[in-house]
Amino acid sequence: MAAGRSRLSPEIDFDGIGKQVGFLRLPHSVHRSAYGWIPIPIVAIGNGSGPRVLLMAGNHGDEYEGQVALGKLIRELDPGAVQGRIIILPSANFPAAMAGSRTSPHDDGNLNRSFPGDPDGGPTAQIAYYIESELLPRVEFVLDLHSGGSSLTYLPTALMRRPTDPAKFERGIDMLRTFGAQFGCMVGVGWGEHTLTAAAARAGTAHMSTELAGGGQVTPAALRIAENGIRRVLAKLGAIETAPPPAEPPPRLMQVTGQDYYCYAPEPGLFEPLVELGTEVEAGTPAGAIHAHDTPWREPAIARFSRAGMVVCKRVPGRVERGDCLYHLASALER
């Protein structure tokens, strides 16, 4: 991590009592505003001793389910019902959220590929640095709400990096079940050391994330899973007393252990899906046909799955480039 002091400044006191709402001020000098700042909404709810929790959404700005769910929680949660401290960052990459984009319009920054960040970098790097250096050390647990965004849609899934310690593994399974999505998934493959998952590990903070539907929309079913799951997790941690009832049926436990779980477009063109979400496939199963619409007399290229598993994620837009993710799989959890 780059050494230095973050330039972001909070309008709220993280150690205060009650519900405080305000902004993180990110200095941003541009043509239309010489001494301006980007307002990143943040909320802290504190009441006595207890667990310290960070709830995040909008890590990617086009993933809306978590942003809506956390906004509703901010308005509904009574500080008197809280034990300890809950910090809520509902639109973490706020410029991306305002643009409805995975990445920031200011620097094309992908926040979840920008940790540990840089206090002297662009807006996205500065946000990442503040989260890792200022917010994560304040909490014991972070829940980061994601979905498929504009390009993908998921069967609702809660995820956690697979711990090597057996006791932490069992606690992780318990938390995945607690959230109550359709699937609870242990992930053994990641995207390097620049994700919030990696940042939480460096800070010694327990971490869980989600992939809740997506497709550039908010569905009632996915939003209900998010809202209930957040409250179940808070209750499990002891931050609130009352939780929704457990999910029925309970989550199916799955895993993703390598890059062979992902299926990519072999050519540019028009994507014809050949399987749907929830399908069980074998290695070699045709996944999609990629039609060359500039030379329609050519036979389409066929993308195939590299391994067996269940389809939990599918691409939404019909136009693809070589290397675009079409699907990814999960398989039954192996203990």
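**Things to note about the pairing of strand 19 (residues 325–332)**
Then step 1. For strand 19, a buried count of 7 out of 8 residues is recorded, marking the element as mostly surrounded by other parts of the structure.
Then step 2. As paired strands, strand 11 (residues 252–256) and strand 19 are joined by 2 bridges and run antiparallel to one another. Of the residues in strand 19, the one forming a bridge with Met254 is Ala332.
Then step 3. Where strand 12 (residues 262–264) and strand 19 come together, 3 bridges link them in antiparallel fashion. Counted as the bridge partner of Tyr264 is Cys325 from strand 19.

**Thoughts on empty space enclosed by the protein**
Then step 1. Across all of its chains, the model carries 1 cavity of 30 Å³ or more by this definition.
Then step 2. Looking at the largest cavity, its volume works out to about 50 Å³.
Then step 3. In terms of lining residues, the largest cavity is bounded by Tyr154, Thr157, Leu159, Phe183, Cys185, Met254, Val256, Val312, His328 and Ala330.
Then step 4. Secondary-structure elements contributing two or more residues to the lining of the largest cavity are strand 8 (157–161), strand 9 (183–187), strand 11 and strand 19.

**Here we look at the pattern of salt bridges**
Side-chain pairs of opposite charge can arise whenever the charged atoms involved come near each other.
Then step 1. Enumeration according to the criterion identifies 16 salt bridges in this entry.
Then step 2. Taking the shortest distance from any N to any O, the salt bridge between Glu227 and Lys72 comes out at 3.2 Å. Here the residue Glu227 occupies a position in helix 6 (residues 220–237), and Lys72 occupies one in helix 1 (residues 65–76), the gap between them amounting to 155 residues.
Then step 3. By relative accessible area, Lys72 is classed as partly exposed at 23%.
Then step 4. Taking the shortest distance from any N to any O, the salt bridge between Glu321 and Arg319 comes out at 3.7 Å.
Then step 5. Residue Arg319 is classed as partly exposed on the basis of its relative accessible area of 38%.
Then step 6. Connected through salt bridges with shared partners, the residues Glu132, Glu193 and Arg202 form a single ionic network.

**Digging into the nonpolar core**
Then step 1. Membership of the largest hydrophobic core comes to 37 residues, with the highest contact counts inside it found for Leu55, Ile88, Phe179, Met208, Ile230 and Leu234.
Then step 2. Taken together, the elements giving at least two residues each to this core come down to strand 3 (37–47), strand 4 (52–57), helix 1, strand 5 (84–89), strand 6 (141–146), strand 8, helix 4 (166–179) and helix 6.
Then step 3. Element by element, the count of residues in this core is highest for helix 6, at 6 residues.
Then step 4. Among all residues touching Phe179, those that are not within four sequence positions of it are Leu143, Leu145, Ala158, Met208, Thr210, Leu212, Ile225, Ala226, Gly229, Ile230, Arg232 and Val233.
Then step 5. Residues Val187, Met254, Val275 and Val311 belong to the second largest nonpolar core, which totals 32 residues.

About the criteria used
- The written sequence of each chain sets the order in which its residues are numbered from 1.
- In keeping with the predicted nature of the model, local features appear solely for residues at pLDDT of at least 70, side-chain atom pairs appear and are counted solely at 80 or more, and the whole-chain, interface and lining totals rest on all residues.
- Side-chain calculation: all heavy atoms of the structure are included, whereas hydrogens and water are not.
- Classification of residues uses two cut-offs on accessible area relative to the type maximum, computed with a 1.4 Å probe and protein chains only: under 20% is buried, over 50% is exposed, and between them is partly exposed.
- Strands here are runs of E lasting at least two residues and helices are runs of H or I lasting at least four, both read from the DSSP assignment and numbered beginning at the N terminus.
- Strands pair, by our definition, only if DSSP identifies at least two bridges between them.
- Only protein atoms enter the 1 Å grid, on which a cavity is a set of points fitting a 1.4 Å probe that cannot get out and a pocket is an open set with protein on both sides within 12 Å along at least 5 of 7 lines, lining residues being those with an atom within 4 Å of a point.
- Grid points are joined across faces, edges and corners, and a volume is the space filled by probe spheres set on the points.
- Within this document, salt bridges are pairs made up of a side-chain nitrogen of Lys or Arg and a carboxyl oxygen of Asp or Glu, the two lying within 4 Å of each other.
- To form a nonpolar core, buried Ala, Val, Leu, Ile, Met, Phe, Trp, Tyr and Cys residues must be joined to one another through side-chain atoms within 4.5 Å.
- Two residues qualify as a contact provided that any one of their heavy atoms is within 4.5 Å of a heavy atom in the partner residue.

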